[in-house]
Each structure stands twice: as structure tokens, then as C-alpha cells.
Amino acid sequence: MLPKFWRKIRSRYNLIGSHCENCGSYFYPPRNICPKCRRKGKVREVQFSGYGKVLSWSVVHDGVENFWLSKPYIVALIELDEGAKIVAPLDCNPDEVREGMRVKAVFRKFGEDGEDGIIYYGTKFVPV
Amino acid sequence: MRRVAIIGVGCSKFGELWDMGFRDIVISAGIEALEDAGLEGREIEAVYAGNMSAGRYIGQEHIASLIADYSGLAELHVPCVRVEAGDASGGVALRQAYMAVASGMHDVVIAAGAEKVTDVPNAMEILSSSADVEWEVFNGANLPALYAMIARMHMKRFGTKEEDLAMVSVKNHKNATLNPKAMFRREISLETALNSPYVAEPLKLFDCAPICDGASVVILASEEVARRYTDTPIYIKACTQASDYMALHSRRDVTTMDAVVFASREAYRIAKIEPKDVDFAEVHDSFTIAEIIAYEDLGFAKKGEGAKLIREGVTALDGDLPVNTSGGLKAFGHAVGATGIRQAVEIALQLRGDAGKRQVDGEIGLSLNIGGTGATAVVTIFSR
């Protein structure tokens with residue numbers, strides 16, 4: 001379980017994705033191959049600014065185990081300012097959320113593998 | 001390519017089958033299909049079995065050969081293939097079996113689908129692995145949450161209401177009361193659906209299909225061989241499959257399943273029909289919003305106008321285009337890898353005139369089986 005999580009840490013913690021210099025598309029999570037240009041693509045690593053807006057969201061009452069401590073929790077479909085979209089937890093009051101709401105990325109604890117297991121961290125979003 | 005016909009169908013009861021193991025469930029469907037087709041067993045040349053996650057649900061892999069073994073085919077040494085495509089496993093298995101016969105490789109094959117989910121406590125977590133586990137589920141978005149975000153955007157953009165979603169559930173529950181093998185055989189009121197607790201807002205308990213145990217089998221044969229076994233062969237006019245980005249956030253538009261659009265357009269082209277020629281359909285209502293979006297993506301309604309069909313009763317059992325006459329995934333039950341085959345069973349029964357009290361009129365039936373949130377879609381068009 002550990003390596004499976006650790007090898008993604010850079011992208012999970014720092015919002016590192018990809019940018020295709022051929023067509024200008026941005027991707028999160030990172031991709032090795034641009035799905036628009038394929039072999040003609042020039043894919044480079046990029047760090048997103050962390051700012052974006054909410055496209056859609058759900059207040060989840062019966063969800064994923066890691067999040068049960070904070071049930072209900074909010075997940076949102078967020079469009080980052082660079083253009084890539086991401087699904088991530090949104091840390092705010094459910095009544096606050098609006099379509100188009102500006103949000104920014106923050107580093108947060110996600111959950112843990114029991115009392116003796118590792119603690120998972122990652123990127124959540126909060127209102128700007 | 002040769003014409004391919006369904007010559008026999010079988011289906012277990014769907015539900016929480018506590019006294020039946022994986023093998024028992026598969027065999028109950030398999031025996032029914034063999035008896036229906038009038039086959040002894042020796043005629044079977046290959047088996048294609050749709051199954052999403054036996055490894056996690058029952059701790060058993062290599063299940064294609066297991067199915068053949070307990071179907072009594074071990075000494076016939078027929079080749080067996082397990083097919084996995086999330087909850088589109090059954091549909092993809094049907095397509096593999098179809099291609100095997102259409103190509104001339106085999107004359108008689110079994111397409112099966114089976115799932116035993118109630119031996120573990122985390123059935124939804126396992127089904128959610130048909131979405132992107134690392135970048136969706138880890139971030140808190142299991143299948144209900146992903147479909148909830150689809151639903152909210154559809155509501156915002158097109159004015160679809162929570163009542164529309166509830167009406168899909170009410171319709172499918174009503175149809176299931178006429179189906180002896182359905183998991184939920186009782187009508188529900190609109191109020192019951194609307195007052196049920198939220199699972200992932202705006203989706204409520206009655207918007208979510210139950211994950212359950214079940215198995216289904218169809219036997220396919222070439223047209224020439226089919227005539228020897230049945231007077232009512234049901235032909236597969238087209239069976240197409242399309243894929244899309246795995247994660248919802250990578251897609252062009254989350255209120256459209258491009259894989260469904262692509263697969264259905266291709267199916268209509270091959271079958272030489274248009275959406276209006278479809279008389280009835282079985283669609284993948286794993287969540288009620290998925291049925292409304294299916295109306296649009298299959299071309300039954302314009303984009304954004306899917307809810308009209310449920311409001312106006314068009315897709316009711318006595319409507320112009322009955323959808324999910326079986327009860328759908330919502331009320332018949334969603335036995336994951338079995339569902340795609342289960343849809344084919346319902347359409348074959350309807351076209352043969354063997355659907356009992358839920359019988360509808362029609363010459364052409366269509367099925368839509370989806371994996372996850374639409375990364376796989378299989379569309380099949382059937383006719384007498």
C-alpha cells in the first residue's frame with residue numbers, strides 16, 4: 001500500500017499535472033500521452049496555480065471510508081484556471097457552495113489506515 | 001459476417017441470495033438457458049463470461065473455467081473466456097460471443113454474466129473501482145457521488161428536477177412488480193422516493209440501484225444453426241462498443257456520455273435503423289439520472305430534454321417507447337457483471353412474446369450497458 005500512495009505524492013500534494021506544448025491542453029492527473037495529439041504531442045510537467053471554480057458538487061452522506069470521520073463531506077468537480085478539471089474534496093459549509101464559486105487548493109489530511117497505519121494527505125479545496 | 005441469433009435465455013433470481021453461492025447462481029441461469037434452447041450441452045463451442053470482480057467479491061479468480069466446469073462442460077474442454085469491463089462486463093461478453101459467431105469461428109456459444117456480491121460488506125466500494133480509483137475514489141468521489149455531480153449539472157443546465165429522477169424510480173419499481181425474478185417487487189410512491197434519505201445530494205436512496213447477486217445466460221448461434229433449435233430466433237442486428245476517458249473530470253461534457261453517443265450511432269448505422277425505429281429498450285439505470293441521460297444520448301430525446309419522456313409517460317410500460325420493462329437495474333437489481341446479459345434476456349423474452357404480464361408490442365429492442373460513469377458503453381439492437 002505504501003509505494004502505491006507515495007509514488008503519486010508529488011501530484012497529490014502539489015497539483016502537478018501535464019501540459020501539451022503542441023495543442024496547449026492541460027491535464028490532471030499527469031499523462032504521458034496527449035489524447036488530442038498522441039504521437040505529435042509534446043507533454044511537459046506543469047504545476048497548477050491551485051485556483052479554479054466549482055462546476056458541480058455533491059454533499060456525500062454515504063461515501064468513501066477515508067472520509068467517514070467527516071461525513072457528510074463535499075466533493076466537487078473543479079475547473080482549474082489553466083483549463084484542466086479535477087474532482088476533489090471541498091472543505092466548506094454545504095450551504096456556501098455555488099456553481100462558479102472561486103476555490104483554491106490547500107494541503108489537508110485525508111484519512112488514515114487505522115491507528116497504526118499511515119496517514120494519507122492530499123489536496124482539498126476551500127473557497128477563496 | 002454472419003447473422004447471429006439468440007436461441008435460448010436463462011436468468012437466476014436477482015437479489016440477496018444468501019443460500020446460493022457463485023456456482024449455484026450461475027448454474028440456475030445456465031440450466032434454464034440450455035433447456036430453453038433445447039441443447040444437450042455438447043453443442044456448446046465456447047463460453048464468454050462477464051464478471052467484474054470475483055477476485056474481490058468472492059476471492060476466486062479463473063472463473064470462466066469454473067463456470068464451464070460446474071455447467072457440466074469440463075469433459076468437453078470448451079474454451080472459456082472471462083470478460084471484465086466494470087459493470088459493462090456482461091455487455092462486452094455478449095459482444096465477444098456475438099463476434100465469435102458472426103465471424104464464423106463458432107456456431108454455438110454461451111454468453112453469460114454473473115456476480116456474487118453479498119459475501120462481502122463493501123460491495124459499493126468494489127463497484128466504485130469501475131471509476132478511477134486513484135484520482136476519483138481516493139478523493140472521496142465514489143460512484144454515487146460522481147453520478148450526483150452529473151445530476152446536479154444536468155439539473156442546472158437543463159432544468160431537470162429531483163421529481164423527474166424519482167419518477168424513473170417509480171416507473172421501474174412498477175414494472176418490476178410484473179417480473180417474478182426481480183429483486184424489488186413492490187410499487188413505490190413518488191413521495192417515498194422523494195422522501196428517502198440523500199446518499200449523495202441530489203441523489204437519494206431511491207435513485208440508486210441495489211447491487212445484488214445474480215446471473216444471466218444467453219445462447220447464441222449462427223442463423224443456419226439457430227433454425228434447427230427454435231422457431232423464434234431473436235437476431236442481433238448490431239452490437240457495438242465504445243470507450244471514453246476513465247475519469248469524469250477528463251470528459252468533454254459530464255452531462256453527455258460520448259461513449260453512448262458513439263456506440264449507439266454506430267449501432268443504428270449497422271442495423272440500418274434510426275432511434276425512432278426502436279420500440280422498447282433496456283438501459284443502464286444504475287442511478288436514475290443515467291436513464292434520463294440515456295434517453296438523450298441514444299437519440300430518443302434532444303440533449304437536455306430527457307426528463308420530458310418520463311414526465312409524459314413515453315417510457316412507461318404502456319407508453320410509446322417502454323424503457324426498462326424488466327424493472328431495470330433499479331428494481332430488477334444490479335448484479336454488476338450479469339446486468340448486460342440480463343438486459344439481453346429481457347429483450348429476447350419481449351420479442352418472443354414470452355414476457356408475461358409486462359409484455360409490450362415491438363419489433364426492435366435496444367439495450368445499453370454502461371461501465372462506471374461511461375468509460376465503456378455497449379449498445380445492442382435486437383429484432384425478430
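As the structure is a computational prediction, the values presented were derived from the model and not from experiment. (Residues numbered from 1 in each chain as written. Chains lettered and ligands numbered in written order. Predicted model: local features only at pLDDT ≥ 70, side-chain atom pairs only at ≥ 80, totals over all residues.)

> Give me the nonpolar core: which residues, what numbers.
Residue and element names in this part refer to chain B. Within the largest apolar cluster, 173 residues are counted, with the highest numbers of intra-cluster contacts made by Val47, Val109, Ala112, Val218 and Leu220. Element by element, the count of residues in this core is highest for helix H7 (residues 143-158), at nine residues. Taken domain by domain, this core gets at least three of its residues from each of domain 1 (4-122 + 212-234) and domain 2 (127-209 + 237-383). Excluding residues that lie within four positions of it along the chain, Leu220 makes contacts with Val4, Ala5, Ile6, Ala97, Tyr98, Val101, Val109 and Ala111. (Core = buried A, V, L, I, M, F, W, Y, C linked by C-beta atoms within 7 Å. Buried ≥ 20, exposed ≤ 12 C-beta atoms within 10 Å, placed from the backbone. Helix = DSSP H or I, 4+ residues; strand = E, 2+ residues; numbered from the N terminus. Domains from an automatic or database assignment. Contact = placed C-beta atoms within 7 Å.)

> Describe the sheet that holds strand E1 (residues 16-20) of chain A, naming the residues involved and giving the relevant values.
With antiparallel pairing, the three strands of this open sheet are ordered in space as E2-E1-E3 (chain A). With one partner strand each, in any of the chains shown, strand E2 (26-27) and strand E3 (43-47) of chain A form the two edges of the open sheet. (Pairing = 2+ DSSP bridges.)

> Describe the domain arrangement of chain B, with residues and values.
All names here are of chain B. According to the domain assignment, chain B contains domain 1 (4-122 + 212-234) and domain 2 (127-209 + 237-383). Domain 1 puts 36 residues into the contact, and the matching count from domain 2 is 34 residues. Residue assignment for the side of domain 1 that touches domain 2 shows that the elements contributing at least two residues are strand E1 (4-11), helix H4 (89-102), strand E4 (108-115) and strand E7 (214-222). Looking at the side of domain 1 that touches domain 2, the element that brings in the most residues is H4, giving eight residues. Of the residues that constitute the side of domain 1 that touches domain 2, the class distribution is 20 nonpolar, 11 polar and five charged. (Nonpolar A, V, L, I, M, F, W, Y, C, P; charged D, E, K, R; others polar.)

> Account for the interface of chain B and chain A, with residues named and values stated.
With 23 residues of chain B in contact, the opposing surface of chain A contributes 22 residues. Taken together, the elements giving at least two residues each to the side of chain B that touches chain A come down to helix H6 (133-137), H7 and strand E5 (198-200) of chain B. Top contributing element to the side of chain B that touches chain A by residue count: H7 of chain B, with seven residues. Residues that form the side of chain B that touches chain A fall into these classes: 14 nonpolar, four polar and five charged.

> Please set out the pairing of strand E2 (residues 46-50) of chain B residue by residue, giving values where relevant.
All names here are of chain B. For E2, the tally of buried residues reaches five of five residues, placing the bulk of the element in the interior. Burial along E2 is two-sided: the residues Ala46, Tyr48 and Gly50 and Val47 and Ala49 are all buried. Note: E2 against strand E3 (residues 80-83), four bridges, orientation parallel. Across the sheet, Val47 pairs through a bridge with Cys80, a residue of E3.

> Could you give me a rundown of helix H15 (residues 339-352) of chain B, with the residues and numbers involved?
All names here are of chain B. With 14 residues, H15 ought to run about 20 Å at 1.5 Å a step, and its terminal C-alpha atoms sit 20 Å apart, in line with that. Buried residues dominate H15, accounting for 13 of its 14 residues. A positive phi of about 85° marks Gly353, the residue just after H15. (Expected span 1.5 Å × (residues − 1).)

> I'd like to hear about the sheet that holds strand E9 (residues 280-282) of chain B, residue by residue, with values.
All names here are of chain B. Within the open sheet, the nine strands sit side by side as E3-E2-E4-E7-E1-E8-E11-E10-E9. Their pairing is mixed. The two strands at the open ends of the sheet, each matched to only one other strand, are E3 and E9. Here the strands of the sheet are splayed against their neighbours by 25° on average, with no regard to which way each runs. Direction of pairing for E1 relative to strand E8 (residues 234-243): antiparallel, over a ladder of three bridges. Bridge pairing in E8 places Ile6 opposite Ile234. Packed on one face of the sheet, helix H1 (residues 22-37) meets E1, E4 and E7 and runs near 130° to E1. Against the sheet, H4 engages E1, E2, E3, E4, E7, E8, strand E10 (364-371) and strand E11 (376-383), with an angle of about 175° to E4. (Axes fitted to C-alpha atoms, helices over the stretch in contact; angles between N-to-C directions.)

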